[in-house]
Structures are given as C-alpha cells and as structure tokens.
Amino acid sequence: MSPVPAIPILVFSDLDGTLIDHATYSWDAAKPALEALRACGGGLIMASSKTGPEIANIRAALGWSHWPAIVENGAGLLPPNGGGLAGSTQYSKLRAILDDTPPALRQYFRGFGDMTAAQVSAATDLDAGQANLAKARAFSEPGLWDGTAEQLDLFMSHLSQHGITAREGGRFLTLSFGQTKADRMAELIAEYQPTHTVALGDAPNDAEMLQTADTGVIVANPHRKALPALKGEETGTIIRTALPGPHGWNAAILGLLIDLNLR
C-alpha cells in the first residue's frame, strides 16, 4: 500500500458568517485564499449546521467535492464525491421526543420540522429550493426559541433526559444527540494526518472546533454578538479577524499560508 500523501494544511471552516457572507450568501471575497489553498495542496473541510444536501451543493460550487464535510453541527459526515448520506433514524427519533415534550415548554420552540418551506425561507433568507434542502434533516433540528432563559433551561432539562443537547449557532438553537464539529474534526485529523490544522468560525458552536486546531480563527461577524475570549487567544493559537465573513476568511488564510511558507 502506498503511503498517504502529506497534506501541508487542512482547513475546517464554518459557512454562514464565516466563509459565506451573512447577508448575501456570497463567498467571492474568499476566492484568492481558496485558490492559494488549492495551489499548495491543502484541504478544505466545510463544517456547518447545514444539511448534507445543502453542503453538497456549496461544496460542488466551490470545487471542493473531493473532500468530506461535517454536517448538521457535527451530527454527521458527508463523504467525498457524493451528495448523499447514509439513512439515519436520529432525526425521526428526535422529532418524536419533541412531540412528547410538555406543551407548556414545547410551544416556545419552532423547529424546521414545524415550518413550511416558505416559513424556513422567511426565517433564513434562503430561496424556496434552498429552504427545502435545509428541511432535509438527517440528524438534528434547528429552530427558533421564543421563550425566556428560564423556560429554555426547563426545556433543555427535559430534553437532556433523552440525550438531547442544544447548540447556539448564528441564527438558530439546534437540537441533536450531542455530537459536535470538534468530534468529527478529530476523526478527520486522524484519518488525513495533516501537518497543520486551521479552524475558522464565528459562533459559539464553533468554539470547540477553534480550540482543537493548531490555529483557530474567530471571524468577525457584525450581525451577532462577538464570541467571548477563548483559551488560546493569549498565546496566539487563536486569532481574530478585523474584516467580517469571507473578507476576514480570505485575509486570515492568506496570512497563515505566508507564515507557514506555503505561499
């Protein structure tokens, strides 16, 4: 068996608000860094709360379908060169638990499974086709919370008895059975054994991923509250961008490639 070629740098990236602009859903500003990453033989693994079908389309549009992707906040993996996910019963199980939640608590959470495609479109600014892909859940349930912090504590206390946890992303509260982006990241690092790892994100659900990488990059997002200081910022293993979204992503990756003598 021939040895696996050395990968000089493996980048794990959140999408919305990070590689993709929060308002326009464009990644054009990151194209120079994406091309430089490709030129040096690096890899890009998208890591998002988005579904497999959503990420498959984005991954293909960017020309990175030969790399796997982390979907639904780490609840599943999308294999390389394929648009499908193995069948999972996790989503139906999660929805059944939600249906059994006391109405006094359940009423404050409106998940994608409670919404029509038009309502998902209105909540996300996605077009109708993209909204249908966002509803194609396999592992987790994002939704909007309309209760108080105290009511949320009671809601999650009930769900935790069934193994369900919540992650706060850029826009939604996402329920799942506990897998994280960092869990999947560790699996992929062990598989690909890159020389250097980088993770980029803008939301609380990215924090563990940022702290797992050799270099973590907190990408500025003026549309949300900034992440609090993370362990690693004092030593420089976690940095923050001045520019938002794909502009910040582009500057950070180009700078790191120079620092690592890869550009």
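Check the entry above for the structure.
Chains are numbered independently. Their residues run from 1 in the order of the written sequence. Local features are withheld for residues below a pLDDT of 70 in this predicted model, meaning they are given only at 70 or higher, and side-chain atom pairs are given and counted only at 80 or more; totals for whole chains, interfaces and linings count all residues. Think of the side-chain values as coming from all heavy atoms in the structure, minus any hydrogens and water.

1. Here we look at the sheet that holds strand β8 (residues 173-176)
Next, step 1: Taken in spatial order, the four strands make up an open sheet running β5-β6-β8-β7, and their pairing is antiparallel. Edge positions in the open sheet fall to β5 (109-111) and β7 (165-168), since each of these has one partner strand only. Neighbour to neighbour, the strand axes of the sheet diverge by 35° on average, direction disregarded.
Next, step 2: The contact rule is simple, with two residues in contact once any of their heavy atoms fall within 4.5 Å. The convention used is that axes are lines fitted to C-alpha atoms, helices contributing only their stretch in contact, and that angles between N-to-C directions extend from 0 to 180 degrees. Strands are runs of DSSP state E lasting at least two residues, helices are runs of H or I lasting at least four, and both sets are numbered from the N terminus onward. Relative to β8, helix α7 (residues 149-160) is tilted by about 15°, and along the sheet it contacts β5, β6 (141-145), β7 and β8. Whether two strands pair depends on DSSP finding at least two bridges between them.

2. Some remarks on the sheet that holds strand β9 (residues 196-201)
Next, step 1: The sheet built from five strands is open, its strands ordered β2-β1-β9-β10-β11 with parallel pairing. Strand pairing shows two members of the sheet lacking a second neighbour, β2 (43-46) and β11 (238-244), which therefore form its edges. The average angle at which neighbouring strand axes cross in this sheet is 20°, direction not considered.
Next, step 2: Across the sheet, helix α8 (residues 181-192) lies against β1 (9-13), β2 and β9, angled at about 160° from β1, the strand it touches most.

3. Focus on α7
Next, step 1: Helix span, as expected, comes to 1.5 Å for every residue beyond the first. For α7, built from twelve residues, the straight-helix expectation of 16 Å at 1.5 Å per residue is met to within 8% by its first-to-last C-alpha distance of 16 Å.
Next, step 2: Think of it in three bands: with a 1.4 Å probe and only protein chains considered, a residue is buried below 20% of the maximum accessible area for its type, exposed above 50%, and partly exposed in between. Those residues of α7 that fall on the buried side of the exposure criterion are Phe155, Met156, His158 and Leu159. All buried residues of α7 lie within an arc of 155° about the axis, which places them on one face of the element. Summarising the geometry of α7, the exposed residues directed more than 90 degrees from the buried face are Ala149, Glu150, Asp153 and Leu154.
Next, step 3: Turning to α7, the residues buried within the fold contact α3 (90-99), α4 (103-106), β5, β6, β7 and β8. The directions considered for the arc run from the helix axis to the C-beta atoms.

4. Concerning the environment of Ala131
Next, step 1: With respect to the secondary-structure elements, Ala131 resides in helix α6 (residues 128-134).
Next, step 2: The contacts of Ala131, once residues within four sequence positions are left out, are Ala117, Val120, Ser121 and Leu126.

5. Let's talk about the nonpolar core
Next, step 1: Throughout, nonpolar core names a set of buried Ala, Val, Leu, Ile, Met, Phe, Trp, Tyr and Cys residues whose side chains join them through atoms within 4.5 Å. The biggest cluster of nonpolar side chains holds 63 residues, and the ones touching the most others in it are Val11, Phe12, Leu44, Met46, Leu200 and Trp249.
Next, step 2: With six residues, helix α10 (residues 245-259) is the largest single contributor of residues to this core.
Next, step 3: Once you skip the residues sitting within four places of it in the chain, Trp249 turns out to touch Val11, Ser13, Thr18, Leu19, Ala30, Ala33, Leu34, Leu44 and Leu200.
Next, step 4: Counting residues in each nonpolar core, the second largest holds twelve residues, with Leu94, Leu105, Met156 and Leu159 among its members.

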